[in-house]
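Each chain, letter by letter, is given below.
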Amino acid sequence: MLDRLQALADRYEKLSELLCDPDVAGDAKKLREYSKEQSDLQETYEAFTEYKSVVEQYEAARVMQNEKLDDEMKELVKMELEELTERKAELEERIKVLMMPKDPNDDKNVIVEIRGAAGGDEAALFAADLYRMYSKFADAHGWRTEIMDVNMNDLGGFKEIIFMVNGKGAYSKLKFESGAHRVQRIPTTESGGRIHTSTSTVAVMPEMEDFDIEIHDNDIRVDTFCSSGAGGQSVNTTKSAVRVTHIPTGIVATCQDGKSQNSNKEKALQVLRARIFDKMQQEEMEKYGAERKSKVGTGDRSERIRTYNFPQSRVTDHRIGLTLHRLDSVLNGDMEEIISALTIAAQTEQMDKGEYAGV
C-alpha cells in the first residue's frame, strides 16, 4: 500500500511539473488531460502527505518519550502521542477509502427514470413524490434538473418521467437509488381510510457522451409524432415529439417535452445512449457469471429497496437495515444520511474484499 501511495505522490508531483511546461500549456488536449488526472489524485496525495508528516511527528515524540524529562514534559509528550495515534488511525482509514477503485462514471451527470408500478394511480402519484424528492436533493447540491420526457395521469401523477441531473458527482450520489420503492399510506382516492401499498421503480444511469457510446445513423430509426399530455390529449399539432429506435438492440427512447423536434431528438439520443450502456453493463456482468438482479425489477411489491411508511413517518432502506423516523424531511430532499450510509456500506464491502486501486 505504501509503495502504491508513494508512486501516486510521485505521479502527482510530476503532473505539477508538466502543467508548468509551456508545451503542455499550449496543448489544450494535454492540459485538460493532465489537469483532470491531477485533480483525481489530489485528495489522496494530500491525505498521504499529511499521513507522512504525522508519522514523522509520532516517531519524534516516541524518541522524546525515552529521554529524561520532567513530569510536566512527560505529560505533554504523552498527550501528543495520543493525539498523533488517533490522527494516524483516521488518516489510514481515509486513505484506504481513497485508494479503492473509483467508478469511472461517478463524476458524470445522470439520467433518472421513474415509473409508477404496482398500485395504479397511487403508484403514479408516488412517482411524482419521488421526482420532487430527487429534484430537491439536486437543488441542495447546486445541480440542475431537466425533464426529458413525461407521461402524466389525470391526477397529476407520473406514469413515467425521465429527467437528467446535471452536476459533478451526481452519479456517485444517486447510483444506489435504482430499484423498487414502496409506499404505504392512505391514498387520496381511498374513501374508506385504508392503508394501501404501492410501488414505483427508479433507474439511474450515467449520461454517455458520443465518444462513450457511438451510434451510427444507419443503426437508428427516427419517428416523429404529435406530443400528447395527460389523458392522451394532443398538446400541439406539429410533429415535435421524437421516438428513436436502436435497430441492433431494439432499445427505444422517446422525448416530447420540448417544442423543438431537434431538441427532442437530441434528448432522446441521450436517453438511448444511457440505456444502451446499461444493457451492455448487464450483459457483461452476466457473461462473467456475476449474480445480478435487475436494477428496476418488475415493480412488484416484494421487490423493494426502500419503504416509505406514512402512518409511522418511517423510511427504511432494506439493503442496509437503516430506518429513519423523519419521512417528511427525506421526501423534501434530505437524503444525505441514507446516501452516505449506502456509500459507506459499499466501501466497507470493497475493503473486506481487499479491493484497492493501483497507480
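Remember, predicted model here, so these are calculated numbers, not experimental data. (Residues numbered from 1 in each chain as written. Predicted model: local features only at pLDDT ≥ 70, side-chain atom pairs only at ≥ 80, totals over all residues. Heavy atoms only, no water.)

Participant: Just checking my understanding: could you explain the overall build of the chain for this structure?
Facilitator: Scanning the chain from N- to C-terminus turns up nine helices and eleven strands. Contacts in the chain between residues far apart in sequence, at least 24 positions, make up 62% of those at least 6 positions apart. Surface exposure of the chain reaches about 19600 Å², of which carbon and sulfur atoms provide 48%. (Helix = DSSP H or I, 4+ residues; strand = E, 2+ residues; numbered from the N terminus. Contact = heavy atoms within 4.5 Å. Areas by Shrake-Rupley, 256 points an atom, 1.4 Å probe, with all protein chains shown as cover.)

Participant: Looking at this structure, I do not really get a nonpolar patch on the surface. What am I missing?
Facilitator: Residues Met-64, Met-73, Leu-76 and Met-79 make up a contiguous nonpolar surface patch of roughly 330 Å² in combined accessible area. Considering every element that reaches the nonpolar patch, the biggest residue donor is helix H4 (residues 71–98), with three residues. With a relative accessible area of 39%, Met-79 lands in the partly exposed category. (Patch = residues over 30% accessible without salt bridge, like charges linked within 9 Å, V, L, I, M, F, W, Y side chains within 5 Å. Salt bridge = Lys/Arg side-chain N within 4 Å of Asp/Glu carboxyl O. Buried < 20%, exposed > 50% of the residue type's maximum accessible area, 1.4 Å probe, protein only.)

Participant: Please clarify how a negative patch on the surface should be interpreted in this entry.
Facilitator: Taken together, Glu-75, Glu-80, Glu-82, Glu-83 and Glu-86 make up a surface patch of like negative charges. Counting through the fold element by element, Glu-80 comes out in helix H4. Judged by its relative accessible area of 32%, Glu-80 falls in the partly exposed class. (Lys, Arg positive; Asp, Glu negative; His and termini not counted. Charge placed at Lys NZ, Arg CZ, Asp CG, Glu CD.)

Participant: Can you walk me through the pattern of salt bridges in this structure?
Facilitator: Any two side chains of opposite charge can pair, given that their charged atoms come close. According to the stated counting rule, one finds 24 salt bridges in the structure shown. Here Arg-115 ties to Glu-113 by a salt bridge, and the two come within 3.1 Å at their closest N and O atoms. A relative accessible area of 26% means that Arg-115 is categorised as partly exposed. Judged by its relative accessible area of 5%, Glu-113 falls in the buried class. The salt bridge partner of Glu-266 is Arg-273, with a shortest N-O separation of 3.4 Å. Residue class for Arg-273 comes out buried when judged on its relative accessible area of 7%. Within the structure, one salt-bridge network assembled from shared partners comprises Glu-113, Arg-115, Glu-160 and Arg-275.

Participant: What should I look at first to understand the pairing of strand E3 (residues 158–166) in this one?
Facilitator: A regular strand places its side chains so that they alternate between the two faces of the sheet. Of all nine residues making up E3, eight are buried, and the element is well covered by its neighbours. Examined bridge by bridge, strand E1 (residues 110–116) and E3 share six bridges and lie antiparallel to one another. Opposite Ile-114, over in E3, you have Ile-161 as the bridge partner. Summarising the sheet, strand E2 (residues 144–152) and E3 pair through eight bridges and their orientation is antiparallel. Along E3, the bridge assignment pairs Val-150 with Ile-161. The hairpin formed by E2 and E3 contains five residues between the paired strands, and Gly-156 there has a positive phi angle of roughly 90°. (Pairing = 2+ DSSP bridges.)

Participant: Just checking my understanding: could you explain the sheet that holds strand E10 (residues 314–317) for this structure?
Facilitator: Remark on secondary structure: sheet strands pair via backbone hydrogen bonds, oriented parallel or antiparallel. Spatial ordering of the open sheet is given by E2-E3-E1-E5-E4-E9-E10-E11, a layout of eight strands whose pairing is mixed. Each edge of the sheet is formed by a strand with only one pairing partner; in this case those strands are E2 and strand E11 (322–324). The average angle at which neighbouring strand axes cross in this sheet is 15°, direction not considered. Bridge count for strand E4 (residues 179–185) against strand E9 (residues 306–309) is four bridges, and the pairing is parallel. If you follow Val-183 over to E9, its bridge partner there is Tyr-308. (Axes fitted to C-alpha atoms, helices over the stretch in contact; angles between N-to-C directions.)

Participant: Please clarify how the packing of aromatic side chains should be interpreted in this entry.
Facilitator: On inspection of all chains with the given rule, the structure shows five aromatic pairs. With a centroid separation of 5.7 Å and an interplanar angle of 75°, the aromatic rings of Tyr-131 and Phe-158 are classed as edge-to-face. Within this pair, whereas Tyr-131 is found in helix H5 (residues 121–140), its partner Phe-158 is found in strand E3, the two being separated by 27 residues in sequence. Like Phe-158, Tyr-131 is buried. Both rings, one in Phe-137 and one in Trp-143, keep their centres 6.0 Å apart while their planes meet at 75°; by these two values the pair is edge-to-face. For Phe-137, a relative accessible area of 1% corresponds to the buried category. On the basis of relative accessible area, Trp-143 is assigned to the buried category, the value being 10%. The positively charged end of Arg-185 is found above the aromatic ring belonging to Phe-310, 4.8 Å away from the centroid. (Phe/Tyr/Trp six-rings, centres within 6.5 Å; stacked < 30°, edge-to-face > 60°. Lys NZ or Arg CZ within 6 Å of the ring centre and 35° of its normal.)

Participant: What is the right way to read the environment of Glu-37 from this model?
Facilitator: For Glu-37, the position within the fold is in helix H3 (residues 28–65). Between the C-alpha atoms of Glu-37 and Tyr-12, which are 25 residues apart in sequence, the distance is 8.3 Å. Those residues in contact with Glu-37 that sit more than four places away from it in its chain are Arg-11 and Leu-15. At 2.8 Å, the side chain of Glu-37 and the side chain of Arg-11 are in polar contact. (Polar contact = N/O pair within 3.5 Å; in protein donor to acceptor, adjacent residues only side chain to side chain.)

So far we have only geometry, and geometry alone does not tell us how the molecule works.
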